[in-house]
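The residues making up each chain are set out below.
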Amino acid sequence: MSHKEQPHESQLEKRAVVSSFIFHFPKGPSEKPVVALFKRSDKVRTYSHHLAPISGSISRSDASALEAAWRELSEETSLDQSSLTLWRTGKPFTFEDRSVNREWTVHPFAFKLKDPSEGGNGESGIKIDWEHEGWEWYDPQSVLDREDLEIVPRLKDSLRRVWFEGELSERAAKALSLGLERLRSDHESGAQELTAIALVAFRDFIVQTEDEIDSEEWWKTIRMAAWHIIKNGRESMGAATMNALIAVLDEIKDILGDEKTNSQHKWERVLNVLDHHLKCRKSRQTQVKDAFANYIRFKFLHHGETLEKLTILTVSASSTIRDSILEAYASLDIRKLELRILESRPLFEGTSIGSSIVSNFKSRFLDTPGKDLKVKIYTDASAALAAADVDLLLLGADRISGTKGVSNKTGSLPAVLCTKHVSPNAQIAVLSDLEKINCVGSMIDDDHHEDNDPMEVISAWRNDGVKAVRVLEDGMKGADAEGSTVEVKNTYFEWVPLYMIDAFVSEEGVMDESRIRERSKQLGETVNRFFEDL
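Report follows, based on the coordinates. (Residues numbered from 1 in each chain as written. Predicted model: local features only at pLDDT ≥ 70, side-chain atom pairs only at ≥ 80, totals over all residues. Heavy atoms only, no water.)

**Examining the packing of helix H13 (residues 455-463) against helix H14 (residues 469-476)**
In step 1: Their axes nearest at 10 Å, the elements H13 and H14 cross at an angle of 160 degrees. The angle between H13 and H14 falls in the class roughly antiparallel. Relative to H14, the crossing made by H13 is left-handed. Between H13, through Met455, Ile458, Trp461 and Arg462, and H14, the contact on the second element is made entirely by Val469, Leu472, Glu473 and Met476.
In step 2: Looking at the contact of H13 with H14 residue by residue, the class counts come to six nonpolar, no polar and two charged. (Axes fitted to C-alpha atoms, helices over the stretch in contact; angles between N-to-C directions. Helix = DSSP H or I, 4+ residues; strand = E, 2+ residues; numbered from the N terminus. Parallel < 35°, antiparallel > 145°, perpendicular 65-115°, else oblique. Left-handed = near helix turned anticlockwise from the far one by under 90°. Contact = heavy atoms within 4.5 Å. Nonpolar A, V, L, I, M, F, W, Y, C, P; charged D, E, K, R; others polar.)

Below, the structure written as structure tokens:
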């Protein structure tokens, strides 16, 4: 048979899809959930009469897989963000189904159904469209265990990726779940504190897996747990967590590869690695504070002269910034320090850091003559007034991207723009350790925006006696007869481009853009090594 006559396989059509599971906790958040599965009608082209989550293709117009998931949920169940909360994101995977001539890349998501007490409509809000014949609640474990369910291909794989409870022991699953919940609900701690919490959560999880360290699956299990802690904790502040966990995994891999060490010794070494990384975090902060003092000395104290006054504007609740400012003020010959702080609505972190600095100053400089601190708190709207005649705008960083810039508290970009306009000679600096650098092609999406509870904003309006609140709240519940709706946005973080920053002060001194991009690239290669095959 000639080459031209030989049969060849048809090329598979590649399709990226979302797979969204709706979970409900009928007996409370601490109890076991049920998951909704929808029976596909005979009007759909593929897998008719099979049970499935809410699925659909990711179109070119979708900004992300998550946006596609929300769109499909709205179209097929009428549920939106007033009825659902994103609970978990699963790691995407790819498989072939030659029966339909497709190669599917699946992006799994898990959403929690809000009860009426949480502002939702509960299960009565689920209104299916023509793509489904009906739906039912199922025990997620029974979905994984049963063989008699007629389900779409690889549904169990999608479910495992968002409901890890089905794969882990009860104690290990509980430890991981509690760790994720603690990270998600913490809106007060900075990235450094959250990273320490994440490391503790990872250690608590690993402690529950001691009996499995000799199994081939253990290495995969702890890497998947690390993936969840990074992705499903506080993703917007997850770059530091990712760097910390990657460093830990790197050392654990070396331990597992030591064939001369027995399992008990390996176990002890693994726990020692985690304890060591937790302990070393304090020394890194000392290096950052020293680097900031050196930066201030170099930029503002010429020829060792006394500086009569230094004026700093900041938009941060970072403990690193608070401590670094006081350390530099204590160690350098600066007479007067004027610290201007934006209030940072809706949680007013600016007032918290202002109060903390005043308290620390009173205790630390009680017997130190010649030191004069003035703290001024400004409303967010008066950023231009706050920026007038400042010497330095000092920002923290929750994430540093080689392409997007610096992610910090919302209000940072207006502060930068105002400072450049009203005080063009002022320095704009970012103070951060290098753990905050995100990697190229990262699992942490730089385009991801953390949309937080609008009630935090609305509560502030209520407390201020704003009379229009009730009308706005009614508009948030759905379109009225005239078709108008209201959406209150509560986004915590925004990007400041790299080119607007004069200096990146880290534990290794002052960095420039090129070094940040190189670090980002190297980190990307390491991240792929640990998570790509999961």
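**As for the sheet that holds strand E18 (residues 509-511)**
In step 1: What the seven strands build is an open sheet, ordered E11-E10-E9-E12-E15-E17-E18; its pairing is mixed. In this open sheet, the two strands that pair with only one neighbour each are strand E11 (372-378) and E18. Each neighbouring strand pair of the sheet contributes to a mean axis angle of 25 degrees, computed without reference to strand direction.
In step 2: As judged from the four bridges shared by strand E12 (residues 392-395) and strand E15 (residues 427-431), these two strands associate in the parallel manner. Directly across from Leu395, in E15, lies its bridge partner Val430. (Pairing = 2+ DSSP bridges.)

**A look at a negative patch on the surface**
In step 1: Residues Glu210, Asp211, Glu212 and Glu268 make up a contiguous surface patch of negative charge.
In step 2: By secondary structure assignment, the location of Asp211 is in the loop between helix H5 (191-207) and helix H6 (217-232). (Patch = residues over 30% accessible without salt bridge, like charges linked within 9 Å, V, L, I, M, F, W, Y side chains within 5 Å. Areas by Shrake-Rupley, 256 points an atom, 1.4 Å probe, with all protein chains shown as cover. Salt bridge = Lys/Arg side-chain N within 4 Å of Asp/Glu carboxyl O. Lys, Arg positive; Asp, Glu negative; His and termini not counted. Charge placed at Lys NZ, Arg CZ, Asp CG, Glu CD.)

**Description of the nonpolar core**
In step 1: Within the largest apolar cluster, 49 residues are counted, with the highest numbers of intra-cluster contacts made by Phe202, Ile206, Ile222, Met242 and Phe531.
In step 2: Of all the secondary-structure elements, those providing two or more residues to this core are helix H4 (170-185), H5, H6, helix H7 (238-256), helix H8 (263-300) and helix H15 (513-531).
In step 3: In terms of residues, this core owes the most to one element, H6, which gives nine residues.
In step 4: For this core, the two domains that each supply at least three residues are domain 2 (170-283) and domain 3 (287-444 + 494-531). (Core = buried A, V, L, I, M, F, W, Y, C linked by side-chain atoms within 4.5 Å. Buried < 20%, exposed > 50% of the residue type's maximum accessible area, 1.4 Å probe, protein only. Domains from an automatic or database assignment.)

**Some points on the sheet that holds strand E13 (residues 399-401)**
In step 1: Spatially, three strands are ordered E13-E14-E16 in an open sheet, and the strand pairing comes out antiparallel. Strands with a single pairing partner mark the edges of an open sheet, and in this sheet they are E13 and strand E16 (493-496). Averaged over all pairs of adjacent strands, the angle between strand axes in this sheet comes to 25 degrees, irrespective of strand direction.
In step 2: Judged from the four bridges that link them, strand E14 (residues 405-409) and E16 form a sheet pairing that is antiparallel. Each residue of the ladder has a partner; that of Val406, found in E16, is Val496.

**Some points on H8**
In step 1: Between its first and last C-alpha atoms H8 spans 56 Å; for 38 residues at 1.5 Å apiece the expected length is 56 Å, and the two agree.
In step 2: At Arg281, H8 is deflected by roughly 30 degrees, the largest bend along its length.
In step 3: You can read the cap of H8 off the contacts: a side-chain oxygen lies 3.2 Å from the backbone nitrogen of Gln264, and it is on Asn262. (Expected span 1.5 Å × (residues − 1). Bend = angle between axes of the 7 residues up to and from the residue. Polar contact = N/O pair within 3.5 Å; in protein donor to acceptor, adjacent residues only side chain to side chain.)

**Some remarks on the pattern of salt bridges**
In step 1: Tallied over the full model, the rule gives 33 salt bridges.
In step 2: For the salt bridge of Glu147 with Lys156, the shortest nitrogen-to-oxygen distance reads 3.7 Å.
In step 3: In this structure, Arg517 and Glu513 form a salt bridge, with 3.1 Å as the shortest nitrogen-oxygen distance. Taken together, the residues Arg517 and Glu513, both in helix H15 and four residues apart, mark about one turn of the helix.
In step 4: Here the salt bridges share partners, and the residues they tie into one network are Asp62, Arg71, Glu72 and Glu75.

Honestly, it's all geometry; don't read function into it.
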